[in-house]
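Chain by chain, the residues run as shown.
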There are 2 protein chains.
Amino acid sequence: MSAAIDPAVVEHVTALADRARVASRRLALMSRADKDAALLRLADAVEAATPAILAGNAGDLERGRGAGMSESLQDRLRLDEARVAAVAQALRDVAALPDPVGEVVRGSTLANGLQIRQVRVPMGVIGMIYEARPNVTVDAAGLCLKSGNAVILRGGSAAAGSNHALVEAMRASLAEQGLPADAVTLLEEGGRDAARALMTARGHVDLVIPRGGADLIQTVVRESTVPVIETGIGVCHVYVDRAADLDKALAITLNAKTQRPSVCNAAESLLVHRDVAVDFLPKVLTDLAGAGVRLHVSPEVAPHADAAGAAYAIASEADFGTEWHGLELSVALVDDLDEAMDRIRRFGTGHTEAIVTEDRGAARRFTAEVDAAVVMVNASTRFTDGGEFGFGAEIGISTQKLHARGPMALPELTTTKWVVDGDGQVR
Amino acid sequence: MSAAIDPAVVEHVTALADRARVASRRLALMSRADKDAALLRLADAVEAATPAILAGNAGDLERGRGAGMSESLQDRLRLDEARVAAVAQALRDVAALPDPVGEVVRGSTLANGLQIRQVRVPMGVIGMIYEARPNVTVDAAGLCLKSGNAVILRGGSAAAGSNHALVEAMRASLAEQGLPADAVTLLEEGGRDAARALMTARGHVDLVIPRGGADLIQTVVRESTVPVIETGIGVCHVYVDRAADLDKALAITLNAKTQRPSVCNAAESLLVHRDVAVDFLPKVLTDLAGAGVRLHVSPEVAPHADAAGAAYAIASEADFGTEWHGLELSVALVDDLDEAMDRIRRFGTGHTEAIVTEDRGAARRFTAEVDAAVVMVNASTRFTDGGEFGFGAEIGISTQKLHARGPMALPELTTTKWVVDGDGQVR
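Residues numbered from 1 in each chain as written. Chains lettered and ligands numbered in written order. Predicted model: local features only at pLDDT ≥ 70, side-chain atom pairs only at ≥ 80, totals over all residues. Heavy atoms only, no water.

**A short note on the overall build of chain A**
Condition: Secondary structure counts use DSSP, requiring at least four H or I residues in a row for a helix and at least two E residues in a row for a strand, with both numbered from the N terminus. For the radius of gyration, the atoms used are the C-alpha atoms, and the globule rule reads 2.2 Å times the number of residues raised to 0.38. Classification of residues uses two cut-offs on accessible area relative to the type maximum, computed with a 1.4 Å probe and protein chains only: under 20% is buried, over 50% is exposed, and between them is partly exposed. Note on contacts: a residue pair is in contact if any heavy atoms of the two residues lie within 4.5 Å. Note on areas: Shrake-Rupley with a 1.4 Å probe; residue coverage comes only from the protein chains shown. Asp and Glu count as negative and Lys and Arg as positive, but His and the ends of the chain are not part of the count. Charged groups are reduced to one reference atom each: NZ for lysine, CZ for arginine, CG for aspartic acid, CD for glutamic acid.
Each helix and strand counted, chain A has 14 helices and 16 strands in total. Compactness check: chain A gives a C-alpha radius of gyration of 24 Å against a globular reference of 22 Å for 427 residues, within 12% of the reference. Dimensions of chain A, computed from C-alpha atoms along their principal axes, come out at roughly 70 × 70 × 45 Å. The buried share among the 427 residues of chain A stands at 59%. Pairs at least 24 residues apart make up 71% of the contacts formed inside chain A by residues separated by at least 6 positions. Working note: accessible area of chain A is about 15,700 Å², and carbon and sulfur atoms make up 51% of it. Positive and negative side-chain charges in chain A, numbering 43 and 57 respectively, have mean positions lying 5 Å apart.

Below is the structure:
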């Protein structure tokens with residue numbers, strides 16, 4: 001168990017959350033037109049603040065280099081004029097999306113004449129704890145504002161200067177528009193205790209969404225007393241069935257692994273039905289090797305990896321449960337669909353699982369029996385994405401079962417309220 | 001922070017949960033017809049086991065009396081033939097309800113030809129931690145089975161003998177039917193550590209629902225690492241507006257307070273607009289006094305309470321946030337709708353809040369601005385109930401915002417899965 005949180009930090013975070021609560025009441029009652037107008041002005045404000053944002057970002061990069069930050073992390077952190085413009089454009093894109101607030105989810109008139117309806121309403125105050133690129137700061141603010149929520153942002157310290165400048169631009173714009181600046185709050189002080197205070201501010205914060213690596217997410221899940229939506233760990237499989245079209249299997253495997261290997265919907269493990277191994281492995285392993293993918297293979301796959309000239313190692317048990325976050329892939333043979341689904345149960349994380357097959361029965365069983373946020377037949381795991389699904393935006397991909405599962409966008413940032421309209425009814 | 005949980009208990013609970021997981025896979029694939037048939041046979045089995053159930057219950061009552069259990073608690077615990085028949089009938093009622101599993105919530109065909117659909121699927125393994133009457137044991141088992149979930153039941157120790165007999169009857173029936181008995185598991189050993197092991201069995205248990213008093217619920221919320229749905233604390237207000245029809249206000253106040261005062265949707269606090277106080281208070285306080293309600297009043301209400309011959313005390317600040325669970329009610333005057341909503345924000349628990357008014361504007365503001373699971377206009381707070389809402393059943397009333405809010409029935413015991421159907425699509 002962890003040490004107690006510094007009471008001064010708790011007090012600070014609670015005060016910020018309570019100011020956010022007051023702001024959220026105003027946001028909850030705003031019309032779509034007013035929210036969209038505000039988002040467009042926020043976009044302009046972010047663009048206008050480009051010099052300050054780039055200055056803040058330059059400071060972050062300098063600190064990063066001093067601390068030995070890797071080139072790839074520096075690239076994720078780096079902003080330039082085009083990237084700031086893209087960040088601002090994302091706010092305009094959110095303005096164009098439909099407003100989930102006010103949607104009547106269901107309703108009826110009861111036998112006694114009571115009219116009941118379940119209506120989408122904002123959550124209230126949402127805490128975002130994240131490590132990623134500074135664009136998350138603006139995306140989260142835009143999605144929360146559009147869904148009528150105040151947001152408290154706890155970004156990674158590596159992006160502190162960038163985030164500060166971005167949030168200052170947005171808060172100044174909100175104030176200029178006569179809207180509560182506390183709709184968007186950056187939690188800058190208090191070190192690790194601040195994040196812990198945020199996730200234990202039950203009653204003050206309605207929802208915490210962690211976005212980042214496994215350590216961050218596990219910490220939030222373990223310590224939070226505020227409801228959490230767990231996002232993003234993906235040990236995704238591609239299972240090439242005995243009845244697979246091997247051309248499709250090849251294209252899907254390559255795409256799922258290499259199109260963007262650092263993200264959670266990339267494939268981490270390839271399972272191949274034993275009956276098609278001799279036909280399929282030479283092609284797929286050669287192409288994977290050609291794309292620079294390092295393989296972690298079961299012993300019986302090793303000769304094929306050898307023949308394909310691939311860089312490979314014999315996989316340990318743990319390798320099959322590893323999210324590589326890069327150009328690495330585990331490969332194993334299976335006897336049948338059942339063994340494939342057994343392995344997915346053991347090593348998968350309930351994110352995205354794909355089968356490649358032309359067999360209707362196998363596809364039906366796979367989609368019915370595999371327990372994951374997204375199950376796919378003959379498609380790349382990379383399609384698990386709010387943008388690809390047509391949501392227009394994404395605040396994360398939920399891998400838990402409560403409230404939201406899979407890509408989350410605006411409706412997932414709302415809750416509901418029952419409105420009961422009567423004429424004096426009693427029981 | 002709490003002491004570590006006994007590792008042997010953790011191992012025991014994890015093993016039970018993993019057996020429940022295996023059972024849940026079978027349940028998830030059962031057709032509605034098969035589940036309904038199983039529920040009807042469970043109902044017969046419970047009735048057939050009446051002698052064993054009554055014997056178990058008699059033992060519980062004897063222990064209770066020995067430990068000085070109050071008469072009202074004994075009455076909640078007591079089973080007789082008619083009550084066992086009612087418990088069995090509840091399983092038949094659940095069989096008659098529609099099956100939420102398989103419902104397509106939304107779907108579309110993407111520009112690239114991918115067909116995506118979001119389908120309701122069972123949660124998997126649900127933990128119920130409760131203190132209440134033995135009927136909850138059977139209700140929860142029936143609702144979980146119908147929604148394709150395995151359930152681990154952790155009932156109150158006061159009902160241990162009753163729960164044991166009820167669960168044995170159901171498990172024996174499941175086994176006789178060739179269904180997995182581990183679909184319904186009673187967690188009987190391990191003392192307090194067993195409940196703690198259940199709520200921290202993340203990955204083994206998908207959802208924990210606590211039902212009971214505030215202490216139980218707060219413990220689960222604080223200690224659980226498994227996602228939780230918080231249920232049931234209700235400090236519900238009736239606000240009698242300046243524009244109220246005072247006859248409706250009288251009927252609603254009396255009904256909300258006295259029809260069943262021990263439950264969470266009973267009113268605990270009455271707020272009266274100052275302008276109607278002189279007309280309304282004499283009537284309502286007289287009738288409340290006549291119904292045996294003890295009042296906790298603000299000083300300016302005291303003379304009215306006196307005149308009405310009511311038993312009353314001057315209310316402390318804490319009294320206005322108290323869930324009385326009985327024939328007690330706090331009463332205060334307010335200057336206007338804003339002050340009423342301020343008090344509801346301060347003292348309410350987000351359960352059910354009612355306004356009595358004929359003023360359309362006041363009703364619109366109240367329903368828009370009050371943040372609660374259920375907001376009512378001109379209706380008794382007692383209508384917040386799954387049965388009343390037409391759900392046919394209820395597993396609890398959620399007072400949190402994540403996943404479910406208000407009365408929860410079968411759909412709230414499910415999650416969703418995205419099924420993506422392709423023909424070789426890649427990004």
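**Re the relation of the copies chain B and chain A**
Basically, it comes down to this: The copies were overlaid with a least-squares fit restricted to C-alpha atoms from residues scoring a pLDDT of at least 70 in each copy.
Each copy of the sequence occupies a distinct position, and chain B is placed on chain A by a rotation of 180° and an axial shift of 0.0 Å, giving an RMSD of 0.0 Å. With respect to symmetry, the two chain copies, as superposed, fit the operation of a two-fold axis. Ranked by how close their C-alpha atoms come to the rotation axis, the residues of chain B are headed by B:His403, at 1.8 Å. The residues that chain B uses at the interface reappear at the interface of chain A in 99% of cases, marking a shared surface.

**Here we look at the packing of helix H6 (residues 135-146) of chain A against helix H7 (residues 160-176) of chain A**
All names here are of chain A. Formally: To get an axis, fit a line to the C-alpha atoms, keeping to the stretch in contact for a helix; angles then go from 0 to 180 degrees between the N-to-C directions. For classification purposes, angles smaller than 35 degrees are called roughly parallel, those larger than 145 roughly antiparallel, those between 65 and 115 roughly perpendicular, and all remaining angles oblique. Working rule for handedness: look at the near helix, and if it is turned counterclockwise from the far one by less than a right angle, call the crossing left-handed; if clockwise, right-handed. Note that Gly is not counted as nonpolar here; it falls among the polar residues with everything else outside the nonpolar set of Ala, Val, Leu, Ile, Met, Phe, Trp, Tyr, Cys and Pro and the charged set of Asp, Glu, Lys and Arg.
In contact at an axis separation of 9 Å, H6 and H7 are set at 30° when each is read in the N-to-C sense. In terms of axis orientation, H6 runs roughly parallel to H7. Both H6 and H7 take part in a crossing whose hand is right-handed. Here H6 contributes Thr 137, Val 138 and Ala 141 to the contact with H7, which in turn contributes Asn 163, Leu 166, Val 167 and Met 170. Of the residues assigned to the contact of H6 with H7, the class counts are five nonpolar, two polar and no charged.

**Some details on the pairing of strand S8 (residues 267-273) of chain A**
Residue and element names in this part refer to chain A. The line we're drawing: In this description, strands pair whenever DSSP reports at least two bridges between them. With strands facing away from the observer, any crossover in which the path from the first strand over the helix to the second runs clockwise is taken as right-handed.
Burial analysis of S8 places seven of its seven residues in the buried class, which makes it a mostly covered element. In the sheet, strand S7 (residues 236-240) pairs with S8 via five bridges, with the strands oriented parallel. Looking across to S8, one finds that Val 240 is bridged to Val 272. Taken together, S7, helix H10 (residues 246-258) and S8 form a β-α-β motif whose crossover is right-handed. With five bridges joining them, S8 and strand S11 (residues 328-334) adopt parallel strand pairing. Each bridged residue has a counterpart across the sheet, and for Val 272 the counterpart in S11 is Leu 333.

**With respect to the sheet that holds strand S9 (residues 294-297) of chain B**
With respect to topology, ten strands assemble into an open sheet ordered S1(A)-S2(A)-S16(A)-S13(B)-S12(B)-S7(B)-S8(B)-S11(B)-S9(B)-S10(B), the strand pairing being mixed. In this open sheet, the two edge strands, each paired with only one partner strand, are strand S1 (104-109) of chain A together with strand S10 (312-314) of chain B. Across the sheet, the mean angle separating the axes of adjacent strands is 20° when strand polarity is ignored.

**Things to note about the packing of aromatic side chains**
Think of a pair of aromatic rings as described by two things: how far the centres are apart, and how the planes are tilted against each other in angle. For clarity, the threshold we go by: Two aromatic rings, drawn from Phe, Tyr or Trp (for Trp, its six-membered ring), form a pair once their centres lie within 6.5 Å of each other, and the interplanar angle then sorts them: stacked below 30 degrees, edge-to-face above 60, tilted otherwise. Whether a charge lies above a ring is judged from NZ of Lys or CZ of Arg, which has to be within 6 Å of the ring centre and within 35 degrees of the ring normal.
A full pass over the atoms with the stated rule returns eight aromatic pairs over all chains. With 5.8 Å between their ring centres and 50° between their planes, A:Trp418 and B:Phe391 make a pair best called tilted. Taken together, the positions of A:Trp418 in strand S16 (residues 414-425) and B:Phe391 in the loop between strand S13 (374-379) and strand S14 (396-398) put the pair across two chains. By the ring-pair criterion, three or more aromatic residues cluster together here, those being A:Phe389, A:Phe391 and B:Trp418. Against the face of A:Phe320 rests A:Arg343, its NZ or CZ located 4.4 Å from the ring centre.

**Digging into helix H11 (residues 277-290) of chain A**
Residue and element names in this part refer to chain A. Basically, it comes down to this: Multiplying 1.5 Å by the helix residue count minus one yields the expected span of that helix. By definition, the arc is the one covered by directions from the helix axis to the C-beta atoms.
The terminal C-alpha atoms of H11, which comprises 14 residues, lie 19 Å apart, in line with the 20 Å expected from a rise of 1.5 Å per residue. Listed as buried for H11 are Ala 277, Phe 280, Leu 281, Val 284, Leu 285 and Leu 288. For H11, the arc enclosing every buried residue in end-on projection is 110°, short of the 170-degree limit, so these residues lie on one face. Facing away from the buried surface of H11 by more than 90 degrees, the exposed residues are Val 278, Asp 279 and Gly 290. Looking at the packing, one finds that the buried side of H11 touches S7, H10, S8, strand S9 (294-297), helix H12 (302-307) and S11. Immediately downstream of H11, the backbone of Gly 292 shows phi near 85°, a positive value.

**Digging into the interface of chain B and chain A**
To keep it simple, the criterion reads: In short, buried area is how much 1.4 Å probe accessible area vanishes from two parts on joining, totalled over both. Salt bridges are defined as contacts in which a side-chain nitrogen from Lys or Arg sits within 4 Å of a carboxyl oxygen from Asp or Glu. The term polar contact refers here to a pair of N or O atoms within 3.5 Å; inside protein, the definition further demands a hydrogen-donor-capable atom paired with an acceptor-capable atom, and it admits residues adjacent in sequence only when both atoms are side-chain atoms.
Counting from both sides, the interface comprises 71 residues of chain B and, opposite them, 70 residues of chain A. With both sides pooled, the region where chain B packs onto chain A buries about 5,900 Å², and carbon together with sulfur makes up 55% of that total. Between the two partners, chain B and chain A, sit ten salt bridges. With a shortest N-O distance of 3.2 Å, B:Arg427 and A:Glu388 are connected by a salt bridge. Remark: the boundary between chain B and chain A carries 45 residue pairs in polar contact (both at pLDDT 80 or more). Looking at the side of chain B that touches chain A, the elements with two or more residues in it are helix H1 (7-28), strand S2 (115-122), helix H9 (214-223), helix H10 (246-258), helix H14 (360-369), S13, strand S15 (406-408) and strand S16 (414-425) of chain B. Pairing of strand S13 (residues 374-379) of chain A with S16(B), which is carried by five bridges, proceeds in the parallel orientation. In the sheet register, A:Val374 faces S16(B), and the bridge partner there is B:Trp418.

**As for the packing of H10(A) against H11(A)**
All names here are of chain A. Closest axis-to-axis distance for the H10/H11 pair is 10 Å, and the angle between their directions is 30°. Taken together, the axes of H10 and H11 are roughly parallel relative to one another. Crossing handedness for the pair H10 and H11: right-handed. Residues Leu 246, Ala 249, Leu 250, Thr 253, Leu 254 and Lys 257 of H10 touch H11, and the partners they reach there are Asp 279, Phe 280, Lys 283, Val 284, Asp 287 and Leu 288. Grouping the constituent residues of the contact of H10 with H11 by class yields seven nonpolar, one polar and four charged.

**Side note on the UniProt feature "domain: Aldehyde dehydrogenase" (unreviewed entry) in chain A**
For clarity, the cut-off: UniProt positions are given in the numbering used here, feature names are shortened, and annotations may be inferred rather than shown by experiment.
This chain's UniProt record puts "domain: Aldehyde dehydrogenase" (unreviewed entry) on residues 10-289 of chain A. Taken end to end, residues 10-289 of chain A is 54% helix and 16% strand, and its first and last C-alpha atoms sit 52 Å apart.

**Here we look at the sheet that holds strand S4 (residues 150-154) of chain B**
Residue and element names in this part refer to chain B. Taken together, the four strands give an open sheet; going across it, the order is S5-S4-S3-S6, and neighbouring strands pair in parallel fashion. Unpaired on one side and paired on the other, strand S5 (184-186) and strand S6 (207-211) mark the two borders of the sheet. Pairwise comparison of adjacent strand axes, ignoring direction, gives a mean angle of 20° for this sheet. One ladder, built from three bridges, connects S4 with S5; its direction is parallel. Across the sheet, residue Leu 153 finds its bridge partner in S5, namely Leu 186. This element, helix H7 (residues 160-176), spans strand S3 (125-130), S4 and S5 of the sheet and lies at about 150° to S5. Packing against the sheet, H9 makes contact with S3 and S6, and its axis sits at approximately 160° to S6.

**Quick word on the side chain of B:Thr225**
With respect to the helices and strands, the residue B:Thr225 is situated in the loop between H9 and strand S7 (236-240). Excluding residues within four positions of it along the chain, B:Thr225 makes contact with A:Val221, A:Arg222, B:Met199, B:Thr200 and B:Arg202.

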